[in-house]
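Notes for the structure review
What follows is each chain in one-letter form.
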Amino acid sequence: MSEIPRVLAVIGDPNQINTWSGTPYFFLKAGTQQGFLSGCLPLRPEGLRHRRLVWNLVRVLLCSRPGGFQYTEAFLRRLFGQAHLRDKEPVEIISHFPLLPPRPWPPGWRVSYYIDATLRQNFIEYGVGDRINAKTREDALRRELEHYLAAERIVCMSRWAANSVVESYGVPSSKVHVILPGANLHDRDLPPPGPDAEPPRLNPLRLGFIGKDWRRKRLPFLLKVAEELERRGVGVRVVALGPRREDLPSHPLLEKAGFIDKRHDSWRFVQLVRSFHFGCLFSSAEAYGVANLECLRLGVPVLASRVGGIPDTVRDGLAYLFDPNCPPHEVADLLQFFVRDRVAYHDLQQRVIRCADEFSWLRTVEKFVSVWDGRGALAA
């Protein structure tokens, strides 16, 4: 498809399923399978751990805030040097990190980005900037703009990120596109399609939570929803998948499933998610929400906050979005309706199942091919 090698880059090794929640891994697998990607650049940031410690120590000695080494030229040049690319050999790079590869780029290199958020959004919305000194932040933002302007394309995982690229950085909208990622799941673990089942009994109602950062993703709010349902006589369990059991608070309605390593036990991950009646993601900040995609890919309806890139991960009729400031009883009202009307829940579930293929990496790569061919640009 491409006359020159097209490779994927991220801070880490895309060959490893646990790199950046698995997104580079599944993009690489689907991209190479369909001939869109030639391979990847396996980088090892752990090999620079000593330099990171020294850099942070120097910041402390200078009475400056430590942190942010991964945004510096020193880190990125040494990291990218591991790729051993020759300047005179043409290559196309799709990078998940806005400052990678470091500039200036050799004349034969083409660079595009596939990002979940801009650095500005990470610094402000996620609060990452509070842990980095001002000079490091400003320098990173300056270089990020240079990279965007020099890139061939900036593909974003949501309109939220695309709007930031265009409005906050002034990048022409003609080079900015939106392509939703796929669910980070192995197709081999997906159950085969079957006939419609009878309406399930939602007793107890199983509310699924997926994600390590349980505070930002507002697991406590979901537990308040469960408490409200219990007060109304509805049997309910909140199943938390991702955080270590010892890191979570004790709660009588909380089932701590722990962390499941997809490298060795992806089938168990799939079976547990399929046991959810609803996947729930009430984050205070979220670039797009891979948990929503995983639930929808497995036929599980979604409840989520209308924040960040979350609205782009769901389709009308497959999920319910709530204002981030809504009280727990509003979510409980909807859930109680479905508990009482099993047929309505069954109809919702079947709609999700019929659309499940839309959330595969196969569909995502097809959209990349269309954008690269100039046939199906999804402009911001």
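Residues numbered from 1 in each chain as written. Predicted model: local features only at pLDDT ≥ 70, side-chain atom pairs only at ≥ 80, totals over all residues. Heavy atoms only, no water.

**Brief notes about the packing of aromatic side chains**
- If you walk through the whole model with that rule in mind, you get 22 aromatic pairs.
- Where Trp55 meets Phe69, the ring centres are 5.6 Å apart and the plane angle is 40°; that geometry is what we call tilted. Of the two residues, Trp55 is situated in helix 2 (residues 49-61) and Phe69 in the loop between helix 2 and helix 3 (73-80); the sequence distance between them amounts to 14 residues.
- A relative accessible area of 15% places Trp55 in the buried class.
- The ring of Phe36 carries Arg6 above its face, with NZ or CZ at 4.4 Å from the centroid.
- Between the NZ or CZ atom of Arg59 and the centre of the ring of Trp55, over which it lies, the distance is 4.5 Å. (Phe/Tyr/Trp six-rings, centres within 6.5 Å; stacked < 30°, edge-to-face > 60°. Helix = DSSP H or I, 4+ residues; strand = E, 2+ residues; numbered from the N terminus. Buried < 20%, exposed > 50% of the residue type's maximum accessible area, 1.4 Å probe, protein only. Lys NZ or Arg CZ within 6 Å of the ring centre and 35° of its normal.)

**A short note on the pairing of strand 7 (residues 205-210)**
- Counting buried residues in strand 7 gives 6 out of 6 residues, a clear majority hidden from the surface.
- Burial along strand 7 is two-sided: Leu205, Leu207 and Phe209 and Arg206, Gly208 and Ile210, pointing in opposite directions, are all buried.
- Relative to strand 8 (residues 236-241), strand 7 is paired through 6 bridges, and the arrangement is parallel. When the sheet's bridge partners are listed, Leu205 is paired in strand 8 with Val236.
- Crossover connection from strand 7 via helix 7 (residues 219-231) to parallel strand 8: handedness right-handed.
- Across 2 bridges, the pairing between strand 7 and strand 10 (residues 278-281) is parallel. Looking at strand 10, one finds that Gly208 is bridged to Gly279. (Pairing = 2+ DSSP bridges. Right-handed = clockwise from strand over helix to strand, strands pointing away.)

**Topic: the pairing of strand 11 (residues 302-305)**
- With burial as the criterion, each face of strand 11 is covered, one bearing Val302 and Ala304 and the other bearing Leu303 and Ser305.
- In terms of strand pairing, strand 10 meets strand 11 through 3 bridges, oriented parallel. By the bridge assignment for strand 11, Gly279 is matched with Val302.
- One crossover worth recording links strand 10 to the parallel strand 11 by way of helix 9 (residues 290-297), and it is right-handed.
- When strand 11 meets strand 12 (residues 319-322), the two strands line up parallel, connected through 4 bridges. Note that in strand 12 the partner of Leu303 across the bridge is Tyr320.

**Describing the pattern of salt bridges**
- Per the counting criterion, the structure on display carries 26 salt bridges.
- Between Arg86 and Glu89 there is a salt bridge, and its shortest N-O distance comes to 3.5 Å.
- Overall, Glu89 belongs to the partly exposed group, its relative accessible area being 42%.
- Of the charged contacts, one joins Arg159 and Asp312 as a salt bridge, the two residues approaching to 2.3 Å between their closest N and O atoms. Taken together, the residues span a long stretch of sequence, with Arg159 in helix 6 (residues 159-168) and Asp312 in the loop between strand 11 and strand 12 at a distance of 153 residues.
- Take Arg159: its relative accessible area is 53%, and that puts it in the exposed class.
- Three or more residues joined by partner-sharing salt bridges are found here, namely Glu73, Arg77, Asp139, Arg142, Arg143 and Glu146. (Salt bridge = Lys/Arg side-chain N within 4 Å of Asp/Glu carboxyl O.)

**Observations regarding the sheet that holds strand 6 (residues 176-178)**
- With parallel pairing, 6 strands are arranged side by side in an open sheet as 2-1-3-4-5-6. On the outer flanks of this sheet lie strand 2 (39-40) and strand 6, each paired with one strand and no other.
- Note that strand 1 (residues 6-9) and strand 2 share 2 bridges and pair parallel. Pairing of Leu8 across the sheet is with Cys40, part of strand 2.

That is the geometry; function is a separate question.
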